[in-house]
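# A closer look at the structure
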Amino acid sequence: VIRCRAAVAWAVGKPLSIEEVEVAPPKAGEVRIKIVATGICRTDDHILEGSFPNVDFPVIPGHEGAGIVESVGEGVTSVKPGDKVIPIALPNCGECTFCLNPESNYCLKSHFSESQSLLPDRTSRFTCKGKQIYHFLWVSTFAEYTVIPEYAVAKIDAAAPLDKVCLFGCGFPTGYGAAINTAKVKPGSTCAIFGVGGVGLSVVMGCKAAGASRIIAVDINKDKLAKAKELGATDCVNPRDFKKPIQEVLTDMTGHGVDYSFEAIGHADTMTAALASCNMNTGVCVMVGVPVSGSVLSVDPMLVLSGRTWKGTLLGDSIPKLVSSYMEKKFNPDLLITHTLPIAKVNEGFELLRAGK
Ligand code: NAD
Ligand code: ZN
Ligand code: ZN
């Protein structure tokens, strides 16, 4: 058993609390990882607010980490102690009908099919003050050590800087993959990205890599818009600068709407606006933002009936492949890192996120 620090969420609506926790050794098919760095994704904030489905408390959140394998359980063959790895919040069991389908990046062992609050044998590896602590998406990267099923661990390039590539655990592959794999953005096309936080800025990078000729960033925070420009956005739009609905602004700017629109906020109204902003016949709209659990959208069916495609995505790209492209300097998500804090200041990190910093 390893004793180490972790940020524990004891209940909904409470700040995280830094605790000493016990982390049990990995059982068969599991890997214990020393987490070196972790990002804060907006989804972690959704957990603290209680708006993410199937989460049990007390829980150790965090799902955008990178680390080094400390030990492995019986039968583990794909990684060994000392390997650099990224825990994957969307597992890849390799056996279910979804994993066997090359078109799919979902696995039936994922959180939206069955809860990942406990490891596959329905027990936890974390305890604190004599209490069992739940896992989050099996990865729980807000702990100095965590235990994860082997098929939710991606081995990465041994030279990768862990304090940078931790973003490849969620935000970067989600946004980049939404453009490259889900929308399949074509060269010369026009794109609009609603919300340019960590995920939306990664969509901007994906659209640029795909050769889009016009990339319109939409956000209510002008500092985020400036960053979007640095990363490849050609136009920046703040909906608060206009009286008319943002979909009309984008249609005026482009003639018949954009070829591809992306929603990376998670609000019902911006999801509908993103759909209405793409070309009525050939437009593709990709939902990336996570809405409050239980939300319902009301849209005019004509928006889709005229031909638009409306899709969603979860963590849309291969992590080891992206880390290798990063090492070859094909893109530079380092600009997404605004602050670096020790684990003891994790709540300060959340305050910076909520303040749009
Ligand atoms: P973030 O908070 O860093 O970014 C959100 C951005 O949206 C901010 O820049 C904010 O200013 C902007 N915004 C808020 N309201 C707006 C409005 N009305 N109009 C325009 N812009 C507005 O969050 P993030 O970490 O980039 O995550 C974005 C969303 O993606 C979250 O909902 C998160 O849960 C979700 N997410 C989904 C996946 C997936 O696999 N699909 C993965 C990671 C994150
Ligand atoms: Zn995330
Ligand atoms: Zn599977």
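Since this is a predicted model, take the numbers as computed values, not measurements. Residue positions within a chain follow its written sequence, with the count starting from 1. Labels follow written order: the first chain is A, the first ligand is 1, and so on. pLDDT decides what is reported in this predicted model: residues at 70 or higher carry local features, side-chain atom pairs at 80 or more are listed and counted, and totals for whole chains, interfaces and linings draw on all residues regardless. Computation of side-chain values: all heavy atoms of the structure, hydrogens and water removed.

All right, on to the sheet that holds strand β10 (residues 190-194) then. Any two strands are treated as partners once DSSP identifies two or more bridges connecting them. Starting at the N terminus, helices and strands are each numbered in turn, a helix being any DSSP run of H or I of at least four residues and a strand any DSSP run of E of at least two. With respect to topology, 6 strands assemble into an open sheet ordered β12-β11-β10-β13-β14-β15, the strand pairing being parallel. What marks the edges here is a single partner per strand, and that holds for β12 (235-237) and β15 (309-312). With direction set aside, neighbouring strand axes in the sheet form an average angle of 15°. With 5 bridges joining them, β10 and strand β11 (residues 214-218) adopt parallel strand pairing. Across the sheet, residue Thr190 finds its bridge partner in β11, namely Arg214. Lying on the sheet, helix α6 (residues 246-254) is in contact with β10, β11 and β12; it crosses β11 at an angle near 160°. Whenever a helix is involved, its axis is fitted only over the stretch in contact; in every case the axis is a line through C-alpha atoms, and angles between N-to-C directions fall within 0 to 180 degrees. By definition, residues are in contact when any of their heavy atoms lie within 4.5 Å.

With that settled, consider the nonpolar core. Considering soluble globular proteins, one finds that nonpolar side chains tend to be buried as a cluster. Val165, Phe168, Val185, Ile193, Cys207 and Phe262 are the most contacted members of the largest nonpolar core, which has 51 residues in total. Reported domain spans reflect what an automatic or database domain assignment gives. Both domains that meet at this core, namely domain 1 (2-170 + 317-355) and domain 2 (172-312), each give it at least three residues. Beyond its immediate stretch of four places on either side in the chain, Val185 contacts Ala179, Cys191, Cys207, Ala210, Ala212, Tyr260 and Phe262. In terms of nonpolar packing, the next biggest core, distinct from the first, is built from 40 residues, Val31, Phe126, Trp138 and Val153 among them. Among the buried residues, those of types Ala, Val, Leu, Ile, Met, Phe, Trp, Tyr and Cys that are joined through side-chain atoms within 4.5 Å form a nonpolar core. We call a residue buried when its accessible area falls under 20% of the maximum for its residue type, exposed when it is over 50%, and partly exposed in between, using a 1.4 Å probe and counting protein chains only.

What follows deals with the site of ligand 1. Here a residue is considered near a molecule or strand provided that any single heavy atom belonging to it is located within 4 Å of it. Every one of the 25 residues lining ligand 1 counts as a neighbour, but Arg42, Thr43, Val199, Asp219 and Thr313 are closest to it. The separation between an oxygen atom of ligand 1 and a polar main-chain atom of Val199 is 2.9 Å. The definition of a polar contact used here is a pair of N or O atoms within 3.5 Å, where within protein one atom must be able to donate a hydrogen and the other to accept one, and adjacent residues in sequence count solely through side-chain atom pairs. The separation between an oxygen atom of ligand 1 and a polar main-chain atom of Val290 is 3.0 Å. Throughout, the Shrake-Rupley method with a 1.4 Å probe supplies accessible areas, and for residues the shown protein chains are the sole cover considered. Relative to its free-state accessible area of 870 Å², ligand 1 is covered by the protein chains to the extent of 88%. Sort the elements by how many residues they give to the shell around ligand 1 and helix α1 (residues 42-49) lands first, with 3 residues. Residues of the shell around ligand 1, tallied by class, amount to 11 nonpolar, 11 polar and 3 charged. Two domains each donate at least three residues to the shell around ligand 1, and these are domain 1 (2-170 + 317-355) and domain 2 (172-312). Any residue that is not Ala, Val, Leu, Ile, Met, Phe, Trp, Tyr, Cys, Pro, Asp, Glu, Lys or Arg is counted as polar, Gly included; the first ten are nonpolar and the last four charged.

Protein-derived ligands of the zinc ion (ligand 2) are Cys41 (SG), His63 (NE2) and Cys170 (SG), with the metal-ligand distances lying across 2.0 to 2.3 Å. Donor atoms (N, O, S) are those found within 2.8 Å of the metal centre, with the cutoff raised to 3.2 Å for Na, K and Ca; water is not part of the atom list, so apparent gaps in a site can occur. When the donor residues of the zinc ion (ligand 2) are listed from N- to C-terminus, their spacing reads C-x21-H-x106-C. Here His63, found in the loop between α1 and β4 (65-72), pairs with Cys170, found in the loop between α2 (162-165) and α3 (171-183); they are 107 residues apart in sequence, far enough to count as distant. Here His63 matches Cys170 in class, with each residue buried.

Turning next to the coordination of the zinc ion (ligand 3). Distances from the zinc ion (ligand 3) to its protein donors, namely Cys93 (SG), Cys96 (SG), Cys99 (SG) and Cys107 (SG), fall within the range 2.3 to 2.4 Å. Each label reflects the angles at the metal, where four donors whose angles all fall between 85 and 135 degrees are tetrahedral, four or six donors whose opposite pairs open beyond 155 degrees and whose other angles stay between 65 and 115 are square planar or octahedral respectively, and the rest are irregular. Bound by 4 donor atoms, the zinc ion (ligand 3) shows angles of 103 to 118° at the metal and therefore tetrahedral coordination geometry. Each donor residue of the zinc ion (ligand 3) belongs to the same chain, and together they define the spacing C-x2-C-x2-C-x7-C.

So, on to the domain arrangement of the protein. Taken domain by domain, the protein consists of domain 1 (2-170 + 317-355) and domain 2 (172-312). Of note, the centres of domain 1 and domain 2, computed from C-alpha atoms alone, are 28 Å apart. Every contact between the two is made by 17 residues of domain 1 and, on the other side, 17 residues of domain 2. Together domain 1 and domain 2 conceal approximately 1500 Å² of surface at their shared face, both sides included; 66% is due to carbon and sulfur atoms. If you sort the residues of domain 1 by the area they bury against domain 2, Asp317, Leu335 and Leu336 come out on top, with a joint share of 36%. We define a salt bridge as a contact between a side-chain nitrogen of Lys or Arg and a carboxyl oxygen of Asp or Glu at a distance within 4 Å. Counting across the interface, domain 1 meets domain 2 through 0 salt bridges. Our enumeration of links across domain 1 and domain 2 arrives at 6 residue pairs in polar contact (both at pLDDT 80 or more). Summed over both partners, the accessible area (1.4 Å probe) lost when two parts come together is defined as the buried area.

Attention now moves to the sheet that holds strand β7 (residues 131-133). Consider a sheet: its strands pair through backbone hydrogen bonds, and that pairing is either parallel or antiparallel. A sheet is described by the order of its strands in space; here 4 strands give the open sequence β1-β2-β6-β7, paired in antiparallel fashion. One side of each edge strand has no neighbouring strand; the edge strands of this open sheet are β1 (2-8) and β7. Pairs of neighbouring strands in the sheet enclose a mean axial angle of 45°, with direction left out of account. Sheet topology places strand β2 (residues 17-23) next to strand β6 (residues 126-128); 2 bridges connect them, and they run antiparallel. Bridge pairing in β6 links Val23 to Phe126.

Orientation of α3 relative to helix α4 (residues 198-209), taken along the N-to-C sense of each, is 40°, at an axis distance of 7 Å. Relative to α4, the element α3 is oriented oblique. Classified by chirality, the crossing of α4 by α3 is right-handed. Only Val199, Ser202, Val203, Met205, Gly206, Cys207 and Ala209 of α4 make contact with α3, whose side of the interface consists of Gly171, Phe172, Thr174, Gly175, Tyr176, Ala179 and Ile180. Looking at side-chain class alone, the contact of α3 with α4 contains 9 nonpolar, 5 polar and no charged residues. In this scheme, roughly parallel covers angles under 35 degrees and roughly antiparallel covers those over 145, while 65 to 115 is roughly perpendicular and the rest are oblique. If you view the pair so one helix is near and one far, a crossing is left-handed when the near helix is turned anticlockwise from the far one by less than a right angle, and right-handed when it is turned clockwise.

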